[in-house]
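# Structural characterization, general
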There are 2 protein chains.
Amino acid sequence: MTIKATLLPALAASSFLAASLAMADDGLENYRQRFEALPYLPPIPADNSLTEEKVELGNMLFFEPRISSSGVISCATCHNPALGWADRIPRAVGHDGQVGERNTPTVLNSGFLGSQFWDGREPDLEGQALGPIEAPVEMAMDLEMALERLVGFELYQEKFNAAYPDQEEPITDDNLAHALAAFQRTLNTPNSPFDRYLHGDLEAINQQAKDGMVAFVDNGCIACHRGPALTDSQFHAIQVPGSTDLGRYVVTEEESDKYRFRTPTLRNVAVTYPYMNNGATETLKEAVAIMGKEMLGREFDDDTISAITAFLNTLTGEMPDFDVPALP
Amino acid sequence: MTIKATLLPALAASSFLAASLAMADDGLENYRQRFEALPYLPPIPADNSLTEEKVELGNMLFFEPRISSSGVISCATCHNPALGWADRIPRAVGHDGQVGERNTPTVLNSGFLGSQFWDGREPDLEGQALGPIEAPVEMAMDLEMALERLVGFELYQEKFNAAYPDQEEPITDDNLAHALAAFQRTLNTPNSPFDRYLHGDLEAINQQAKDGMVAFVDNGCIACHRGPALTDSQFHAIQVPGSTDLGRYVVTEEESDKYRFRTPTLRNVAVTYPYMNNGATETLKEAVAIMGKEMLGREFDDDTISAITAFLNTLTGEMPDFDVPALP
């Protein structure tokens, strides 16, 4: 594992720990090497630098219900910080109580994903941010009207000016999206027990979780759930119980994309239930069994399911600091 | 003003300040004596002691959307901490996007009110707490089902047991209400500029606000807006523009209660717009003019409106500390 210059000091401390514990190996070094610890920050795009001003503005906008047509739905309604930054119901409930087609993905660590939405229809968080504002079953808001409402508040004029100092009229859809994306790139959950284990604290996870890690690798789960966010960000066909969702086909209309969904992250999977694109799977154990059957053609036995579940439970990291903003 | 034993140390410091500044009087001592500073805590009822465990549980329940039938509306949806613990829209939007009849009152300092709801139909926060959960236009939830959902979470079983240690099955509607009420009694906003002024810091508010305080007393606003929360908690008849709401008559069916509403608190009035029972009044200045006309039969001139508004702006206190809880 390379130590990058961008990592924060705490990580250096962990590396030191790794060195000091190197003598006490648990014999699983070859397995650990298949994984990557979660960095403190995802890649930051060149055209959306992560400034304090933009993050502060994005934080405000994330909690701002008046950019919905009802005036009561904000990003934080479905991406609720009290609920793992998701909603813990099968499918999202939005404008006028309408129920969407898919389970709300958490925004935690979403900056690590190679594309956004279950069907990957947007390449990045900048592309994703405005979707739910305009979606008729979510915030159901006309974007022009959302911008007008923001212009109506002096505080937003001030904060947009601070975030985009070179622009004369900075309250634009692009800047709204960029600020939301910048804020979301700060919502990461490093230092999970599994990350501490990868960093060399061999007692950060118990033996059952280690068995689960081994089973996760040996059974091939890691083929798709890999990299720092435990997703390859690729599309794979799956029809989970109760789902008729065509997945990525809806975006590309390519026959080969039928029922394909982007591999979801497994980071914080224990606190982002229910599971699958239709949210019909309530428990992690059921989810593990279904994935074994559907994706790997295997009937996991109870011990394997329990072990993999124990492993998945070690992927819950430190929840991000954030402020409930004082809105104008 | 009596200094009570329950007040926190900061208040003692303010009193010291008061003593040290007593020489520099601004000649308004007789006006100041008409007001009461906001204590740190409202009266605590004998049958609902304010324990840490109950407040923590109440904090969780306040942010818990799964005690609504949609699973996405919590107390904090309309009593949004980002929006002065209210919603800043004219009338509440609840279940399936239904719009209620009245403007959402802030929960800030609500423990200081002599009754709850615009029409005072409940005597206290314990009586108030379950109303919005069951109201078909708000959270639209069957109370039995809400309790069942809570029973389904081990963490709630633990937290209810901790809050009500003497009870075998503590997840009851009464205990739900008591915990919510206990949490809400901690949502107070002491140390506003006006409170600091009352405590002796004569420069905590400017001359225009002092003129406003004088106008507020001399014009008789203080007849109803008095006491620590600036409400007499009595019912007064008023028909504001656009409202046909019968007010307290709906509760008592007494002819004399037609159009009567409990005097709202003026604490934090600057951050809890829009105004009046129907939320049809957008600005504080309009609200002051309307109240002068409707309640006092006076046409305030522009200077008086500006001064009273400046005074009202000094009533915004320190927002309460709270946690966005990690829900199960």
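Residues numbered from 1 in each chain as written. Chains lettered and ligands numbered in written order. Predicted model: local features only at pLDDT ≥ 70, side-chain atom pairs only at ≥ 80, totals over all residues. Heavy atoms only, no water.

### Details of the interface of chain B and chain A
Selection criterion: Two residues qualify as a contact provided that any one of their heavy atoms is within 4.5 Å of a heavy atom in the partner residue. Summed over both partners, the accessible surface that disappears when two parts come together, traced with a 1.4 Å probe, is what is meant by buried area. When a carboxyl oxygen of Asp or Glu is within 4 Å of a side-chain nitrogen of Lys or Arg, the pair counts as a salt bridge.
Taken together, the contact pairs 23 residues of chain B with 23 residues of chain A. Together, the buried faces of chain B and chain A total about 1,700 Å²; carbon and sulfur atoms form 64% of this surface. For chain B, the biggest contributors to the area lost against chain A are B:Val72, B:Ala82 and B:Val324; these three give 27% of the whole. Summed over the shared surface of chain B and chain A, the result is zero salt bridges.

### Section: unusual backbone geometry
Put simply, the rule is: Only DSSP runs of H or I covering at least 4 residues are called helices, and only runs of E covering at least 2 are called strands; the numbering of each starts at the N terminus. Each residue is placed in one exposure class: buried if its accessible area under a 1.4 Å probe, protein chains only, is under 20% of its type's maximum, exposed if it is over 50%, and partly exposed if it falls in between.
Omega for the peptide link from A:Tyr273 to A:Pro274 comes to -10 degrees, which places this bond in the cis form. Considering the arrangement of structural elements, one finds A:Pro274 in the loop between strand S2 (260-262) and helix H13 (284-296). The phi torsion at A:Trp85 lies on the positive side, around 60 degrees, for a residue other than glycine. Mapping A:Trp85 onto the fold places it in the loop between helix H4 (75-78) and helix H5 (125-128). Judged by its relative accessible area of 1%, A:Trp85 falls in the buried class. With a phi close to 55 degrees, B:Ala140 is a non-glycine residue in the positive phi region. The residue B:Ala140 is located in the loop between helix H6 (131-134) and helix H7 (143-151) in this model. The exposure class assigned to B:Ala140 is partly exposed, which follows from its relative accessible area of 22%.

### Looking at the pattern of salt bridges
Pairs can form between side chains of opposite charge once their charged atoms are near each other. All names here are of chain B. In this structure the tally under the stated criterion is 26 salt bridges over all chains. Residue Lys159 pairs with Glu56 through a salt bridge whose shortest N-O separation is 2.8 Å. Placement of Lys159 in helix H8 (residues 154-163) and of Glu56 in helix H3 (residues 52-62) is noted, with a sequence separation of 103 residues between them. Given a relative accessible area of 39%, Glu56 falls into the partly exposed group.

### Here's the deal with the domain arrangement of chain A
Residues and elements named next belong to chain A. Counted only if it meets this: Boundaries between domains were set according to an automatic or database domain assignment. Between N or O atoms, a polar contact is any pair within 3.5 Å; within protein, one atom must be a potential hydrogen donor and the other a potential acceptor, and residues adjacent in sequence are included only when both atoms are from side chains. Each residue gets one label: Ala, Val, Leu, Ile, Met, Phe, Trp, Tyr, Cys and Pro are nonpolar, Asp, Glu, Lys and Arg are charged, and the others, such as Gly, are polar.
Entries for chain A in the domain assignment read domain 1 (9-42 + 190-313) and domain 2 (52-184). Between domain 1 and domain 2, the C-alpha centre-to-centre distance is 27 Å. Every contact between the two is made by 28 residues of domain 1 and, on the other side, 23 residues of domain 2. For the pairing of domain 1 and domain 2, the buried interface totals around 2,100 Å² over both sides, and the portion due to carbon and sulfur atoms is 61%. On the domain 1 side of the interface with domain 2, the three residues burying the most area are Pro42, Arg262 and Asn277, jointly 23% of the side's total. A salt bridge links Arg102 to Asp245, with the nearest nitrogen and oxygen atoms 2.7 Å apart. The interface formed by domain 1 and domain 2 contains nine residue pairs in polar contact (both at pLDDT 80 or more). Of all the elements in the fold, those that place two or more residues in the side of domain 1 that touches domain 2 are helix H12 (249-252) and S2. Considered class by class, the residues forming the side of domain 1 that touches domain 2 number 15 nonpolar, nine polar and four charged.

### Here we look at the relation of the copies chain B and chain A
For these two chain copies, the linking operation is a rotation about an axis paired with a shift along it. For clarity, the cut-off: The copies were overlaid with a least-squares fit restricted to C-alpha atoms from residues scoring a pLDDT of at least 70 in each copy.
Expressed as a screw transformation, the operator carrying chain B onto chain A has a rotation angle of 180 degrees and an axial translation of 0.0 Å, and the superposed copies differ by an RMSD of 0.0 Å. The symmetry that links the two subunits is that of a two-fold axis. Minimal C-alpha distance to the rotation axis in chain B is attained by B:Asp96, lying at 2.1 Å. Most of the interface of chain B is mirrored in chain A, where 100% of its interface residues again form contacts.

### Details of the packing of helix H11 (residues 207-218) of chain A against helix H14 (residues 302-313) of chain A
Residues and elements named next belong to chain A. The condition that has to hold: To get an axis, fit a line to the C-alpha atoms, keeping to the stretch in contact for a helix; angles then go from 0 to 180 degrees between the N-to-C directions. Each angle is binned into one of four classes, with values under 35 degrees roughly parallel, values over 145 roughly antiparallel, values of 65 to 115 roughly perpendicular, and all other values oblique.
In contact at an axis separation of 7 Å, H11 and H14 are set at 105 degrees when each is read in the N-to-C sense. Taken together, the axes of H11 and H14 lie roughly perpendicular to each other. Contacts from Gln208, Ala209, Asp211, Gly212, Met213, Ala215 and Phe216 of H11 reach H14 at Thr304, Ser306, Ala307, Ile308, Ala310, Phe311 and Leu312. Tallied by class, residues from the contact of H11 with H14 come to nine nonpolar, four polar and one charged.

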